[in-house]
Amino acid sequence: MATVSMTVNGKSVSGEVEPRTLLVQFIREQLHLTGTHVGCDTSQCGACVVHVNGDSVKSCTMLAVQADGSDVTTIEGLANGDTLHPMQEAFRDNHGLQCGFCTPGMVMSAVDLLKKNPKPSEGEIREWLEGNICRCTGYHNIVKAVQQAAQA
Amino acid sequence: MDGGRKDAGTRVRGGVHSAERHDSAHKHVTGAADYIDDMVEPVGTLHAYLGLSEAAHAEIVSIDLTAVRSAPGVVDVLTAADIPAVNDVSPVHAHDDPVFAEDKVMFWGQPVFAVIAESRLQARHAATLARIDYRPLDAAIDIDAAMAAGGDLVTKPLKLERGSVDKALAEAPNRIIGNMEIGGQDHFYLEGHIAFAIPGEDETVTIHSSTQHPSEAQTLVAQVLGVAANAISVQVRRMGGGFGGKESQPALFAAVAALAAKRLNRPVKIRPDRDDDMIATGKRHDFKVAYDVGFDDEGRILGVEGTYAARCGFSADLSGPVTDRALFHADNAYYFPHVRLKSLPLKTNTVSNTAFRGFGGPQGVVGAERIVEEIAYALGKDPLEIRKANFYGPPGRDVTPYHQTVTDSILDRLVSELEISSDYQARREAILDFNRQGGVIRKGIALTPVKFGISFTATWFNQAGALLHVYKDGSIHLNHGGTEMGQGLFTKVAQIVADCFQVDLDRIRVSATSTEKVPNTSATAASSGSDLNGMAAQNAAEQIKQRLVAFASEKWSVSAEEVTFGPGGVCVGSKTVPFDVLVAEAYMARVHLSAAGFYKTPDIHWDREAGKGRPFYYFAYGAAVSEVSIDTLTGEYRVERTDILHDVGKSLNPAIDKGQVEGGFVQGVGWLTTEELWWDDKGRLRTHAPSTYKIPLASDRPRIFNVALAEWSENKERTIRRSKAVGEPPLMLGISVLEAISMAVASVADYRECPRLDTPATPERVLMAVERLRAHGGAEA
C-alpha cells in the first residue's frame, strides 16, 4: 500500500492505496466523488475526464500515485457554490446532454479546451472532443454549448 | 428565464409543447445524478463477476473452479447447479437462454459461472482462474454458415403476402434480382450493464437494475429464484443510455446479483467491464436480404419478393419480433402492388441478438432503399424520382404488405418541403457537374424518407400505468411505468401533468421507475414511452382533477363547469383559489388525492398467422438529405451537409424531440458507415472496445447540419396531445448518408451500375465498390 495526498476540489485529501489503484478508483471509491464516470474501462470514451494540475486527464489512465501532490478538480468542484461554471450552464441550457453519463467528462474536457484556446472554431471544438464519446446527442448541442460558453 | 418558458401569468412554466430542459440537466452537469454504480454501497456489499466461455459451440467436459474459489477475497462461486429454480432468462419464455451454461456452451463469451468477492477487482481476477475443458462441436458463426448447416431457426418465421407476386414479377417489363448485406451494431450505451441487489426479509430482494424493462427483470428473476413476483422489486431511476440493449439483456445480471444476494444475505453488485459487456450481450441483428423486384419503365414497382435472413445468435431472445418488424418495414414508404416477404431468423453460435433502436425496422428500410437504388440506376433516373413515384398514395395504392391501410401519409408534403429547403435539385446538378470533372474526390447526394410504424406488434404490450399523488402541501409526486434513459421521458410526462393541473413544472417530482409502484409494465421501447405513459399519467391527473372539481363545486356552490384550472390558480365561479389552497381544503374534506392511471392503445390488432391486421396505431415520418465526399483512392469519406425535416406530430417538447432526431440520425450513420462488428473464424468477437469498434465522434458530425421538425404536423390519431413517437424513426434518416456515398461511388461508372454498397460502408468497402465498378467497365476518363 502507498499513501497518496492531493488537493481535490480545493480540499486536502489523503488515502492508502494499492500502487495499481487508478486515479478514477481513488476518486470514486475512496473519496466518493461519483460524478466522474467509468464508461469504457480503457481510456477511450472520456467519461472519466478530470483536471490534474489544470490539464484534462482521463482518470482511468492515470494511477492515483501518479497524482500524488497534485491539484485535482472533478466535476463536483467546477461550480462556485451554487453558481454554475459557464460551461456547465451552457451544457444545461443548450440541451447538450441526454442520458448524462458522458456529460461530466465532456464538460471537463471542454473547460480545458477553452483555457487553452479561448475562441476555438467549430472544427477545433470537434477535434478536441474526439476523446469524448457521446452515444445520445449526435454532438450537435454539445458543440453548440461549447460555442456558447466560449462567448460567455 | 430560460428559452422555452413563457410568462407566468398566461401560461404555466413547463406545460406541454414547450422546450423544457431535461429534468436532470442540472444534476448531469454537476455530477450529482446518480447511476447505479454511484449509489452509496451498504456495509458488506459484495461484487460479482462473470466467467465467460472460450468456445463458440462445445460440450463442457469438466469445470475446475478450485483456483477461483481459493483466490483472495472470494466468498462464493455460482454455476448452473446453484440456481434454485429455473436456469432461464428468455424474455419470450422459450427456455433457451440460460443464466449459466450447463452441459454445452453456445457462443464464445457465454456466462458459465459467477464469482462473488469482497471487491470487484478480486472477483474480476478470480474469474480468470477457471479451468474449463471443452469438446468442440461444429459452430455456425454467420448467416452463410447457418444456411449451409441446414438453416436452423431460433423462432417461427413470418410471411407477409398480398396479391400475385409470381405473376407480377414474371410479367414485369423490368426485373432485378439482388442481395444485400446489412451489418449489426453494438449499443455502446455509455453506462454498461449493471445490477445491484439488496436482500430483504423473507424471500424479498430489491434490485437496482439498469433496465428498460423492470417488470420483465422482475418476472425473470422470480422465475430463476423460484419465488412469486411480489418478492422481487426492481427499480431504476435512470440509465446511462439503453437504445434497446437494456430491454431483455439486463435480466441475466439482475438474476445473478439477486441469486448471490439471497444466498449470502449481503448486497451484491455486478458490473461487467466494457469488453465483457460487448462480448456477452446481444446486439443489432445483421441481415442478408435477397430481393427480386419487377418495375415498369417509369420506375413504378410492380412486385417485390424478399427474404430477410438474420443472424439471431444462439437463442430466440427478441429475434421473433425483431425479424417481424424487418418485414413490416421492408416497404419503407413505398406501395408494393404484389408482394411476398419472408423472414429467416437463423440460429448461430454467436451472442443472442436483441432489440436495438428500430428493432429490425431499419434493416427492412435499408433493403427497400436498395431496391429503389437498383431501379434508379437501371433506368438512369434520380433515385428521388423513383421514391416519389412509389410513395403510398390514394385508395388503390395505400395498403401495406400486412394489409394495413396507410391513411396518414404526409410524405408528399414533407419531402417536397425538404427538397426545396435543402436546394436538392440545384445541388444535385452541381454535384453531377463536379463529378464529371473526373477528380479523385467524388460527391454524392441523396434524399431518403422514412415511414415508421408506431405500436408494439405484440398488441398486449400497448398498455401503461401511472401513479400520481398530490400531497396536502400541493406538491405532486409522479410515477409511471416508463424508464428514463436520457430520452427525456420523465420530463415530457411531467409536462403533461403540469399542463393538466395548470401548475408549474417544478411542483412535480418524478420518482424512479419501480415495480412496486406500477405493476406489469411494458418495456420502454418501440418509441412508445411518451405515447403510453403520458396517456396513463394524464388519466391519473384527470381522475384527481375531477375529484377536486366536484369538491370545489360543492364547497363554493358553483356548477362543475365553473371550476377551471388556470395558470394563476383554480377559478371557482368568480373567485380564484390557489392550487395548494384548494388541495389543502380538499384534504381536510377527505378527498382522495392519489390516483392510478391506465391507458391502452385503441384500434390495433394483429393476426400473425394470417399476416394481416392493423399492428400500428399510426406512422411517424421524416426525411433527410445528405451530401458526402469520398476519396476514390482510399475509400474515405465525410459528410458535408445534412438537412432533416422530421415529423413528431405536435411536439410535447421540441428541444427534447430535436435532440432525439439529431442523436438518432448520427447513431444511424454510425451503424451504416463505421461501426463494424467482426467475429473471427473461432467465433470470437474481435471488436469489443471503442479502439476497434468505431462509434461516431464529434468530428464525424456533418459539416453543416440543419434539423427541423415539421411544425405543421399533428397526429391524426388521438395520441397524447397529438404528438408522435420520436425514439426510433430518426435512426433511419442516416440512410441518406449511405445512399449519398453510393451515388459518389456510382459516379466512377457514370451512374450506369448500382454500386450495391453493403453496410457498414466502411472506407474499405467503399474503396472495393469503387474498384469493382471501375473493373466492370466503368471505362471513364
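Throughout this document, residue positions are counted from 1 along each chain, in the order its sequence is written. Ligands are numbered from 1 and chains lettered from A, in the order in which they are written. For this predicted model, a pLDDT threshold of at least 70 governs which residues receive local features, and a threshold of 80 or more governs which side-chain atom pairs are given and counted, while totals over whole chains, interfaces and linings are taken from all residues. Think of the side-chain values as coming from all heavy atoms in the structure, minus any hydrogens and water.

Visitor: Looking at this model, I keep getting lost on the domain arrangement of chain B. Mind explaining?
Guide: All names here are of chain B. Domain annotation of chain B identifies domain 1 (25–33 + 463–600) and domain 2 (404–458 + 617–781). Domain boundaries shown here were taken from an automatic or database domain assignment. Here domain 1 and domain 2 have C-alpha centroids that lie 39 Å from each other. Residue contacts are defined here by distance: any two heavy atoms, one from each residue, within 4.5 Å place the two residues in contact. With 22 residues of domain 1 at the contact, the number on the domain 2 side is 21 residues. Counting the surface lost from both domain 1 and domain 2, the interface buries some 1500 Å², and carbon and sulfur atoms represent 56% of this. Three residues stand out in domain 1 for area buried against domain 2, namely Lys492, Ser527 and Asp531, and they jointly supply 38% of the buried area on that side. What makes a salt bridge here is a side-chain nitrogen of Lys or Arg within 4 Å of a carboxyl oxygen of Asp or Glu, nothing more. In this structure, the connection of domain 1 to domain 2 is made through two salt bridges. Defined here as a combined quantity, buried area equals the accessible surface (1.4 Å probe) lost by two parts on assembly, summed across both.

Visitor: I keep staring at the domain arrangement of chain A and nothing clicks. Help me out?
Guide: The figure often quoted for interface size is the accessible area lost as the parts come together. Residue and element names in this part refer to chain A. For chain A, the assigned domains are domain 1 (2–76) and domain 2 (86–151). In this structure, domain 1 and domain 2 have C-alpha centres spaced 21 Å apart. Taken residue by residue, the interface counts 18 residues in domain 1 and 17 residues in domain 2. Contact with domain 2 buries surface across domain 1, with His37, His51 and Ile75 losing the most and accounting together for 37% of the total. The interface formed by domain 1 and domain 2 contains one salt bridge. Where Lys116 meets Asp55, a salt bridge forms, and the shortest distance between an N and an O atom there is 2.7 Å. Pairing of N or O atoms within 3.5 Å defines a polar contact, subject to two protein rules: one partner must be a possible hydrogen donor and the other a possible acceptor, and residues neighboring in sequence count only if both atoms are side-chain atoms. Connecting domain 1 to domain 2 are nine residue pairs in polar contact (both at pLDDT 80 or more). Looking at the side of domain 1 that touches domain 2, the elements that each hand over two or more residues are β3 (49–52) and β4 (55–58). Tallied by class, residues from the side of domain 1 that touches domain 2 come to six nonpolar, ten polar and two charged. Secondary structure elements follow DSSP: runs of H or I no shorter than four residues count as helices, runs of E no shorter than two count as strands, and numbering proceeds from the N terminus. Any residue outside Ala, Val, Leu, Ile, Met, Phe, Trp, Tyr, Cys, Pro, Asp, Glu, Lys and Arg is labelled polar, Gly included; the first ten of those are nonpolar and the last four are charged.

Visitor: What is the right way to look at the packing of aromatic side chains in this model?
Guide: Any two aromatic rings considered together are summarised by their centre-to-centre distance and by the angle between their planes. Residue and element names in this part refer to chain B. Put simply, two rings from Phe, Tyr or Trp (the six-membered ring, in Trp's case) pair if the centres are within 6.5 Å, and we call them stacked under 30 degrees between planes, edge-to-face over 60, tilted for the rest. This structure, assessed with the given rule, holds 18 aromatic pairs over all chains. On the numbers, 5.9 Å between centres and 5 degrees between planes, the contact of Tyr334 with Phe391 is stacked. Of this pair, Tyr334 sits in the loop between α9 (319–328) and β15 (338–346) while Phe391 is found in the loop between α11 (383–390) and α12 (411–421), placing the two residues 57 residues apart along the sequence. Judged by its relative accessible area of 6%, Phe391 falls in the buried class. Seen in terms of ring centroids, Phe665 and Phe705 are 5.3 Å apart; in terms of plane orientation they differ by 35 degrees. Their pairing is tilted. In this pair, Phe665 sits in helix α17 (residues 654–672) while Phe705 sits in strand β29 (residues 704–709), placing the two residues 40 residues apart along the sequence. Comparing Phe665 with Phe705 shows no difference in burial state: the two are buried. Ring pairing ties together the aromatic residues Phe328, Tyr402, Trp606, Phe616, Phe619 and Tyr621, which thus form one cluster. The cut-offs for exposure are 20% and 50% of the maximum accessible area for each residue type, with area from a 1.4 Å probe on protein chains only; residues under the lower value are buried, those over the upper are exposed, and the others partly exposed.

Visitor: So what exactly am I meant to see when it comes to α17(B) here?
Guide: Turn by turn, an α-helix covers 3.6 residues, leaving residues three or four places apart pointing in a common direction. Residue and element names in this part refer to chain B. A rise of 1.5 Å per residue sets the reference length of α17, with its 19 residues, at 27 Å; its end C-alpha atoms lie 27 Å apart and thus fit the reference within 8%. Taking burial as the measure, the 19 residues of α17 include 17 buried ones, the bulk of the element. Looking at where α17 begins, the residue whose side-chain oxygen comes 3.1 Å from the main-chain nitrogen of Ala655 is Asn653. To estimate the expected span of a helix, subtract one from its residue number and multiply by 1.5 Å.

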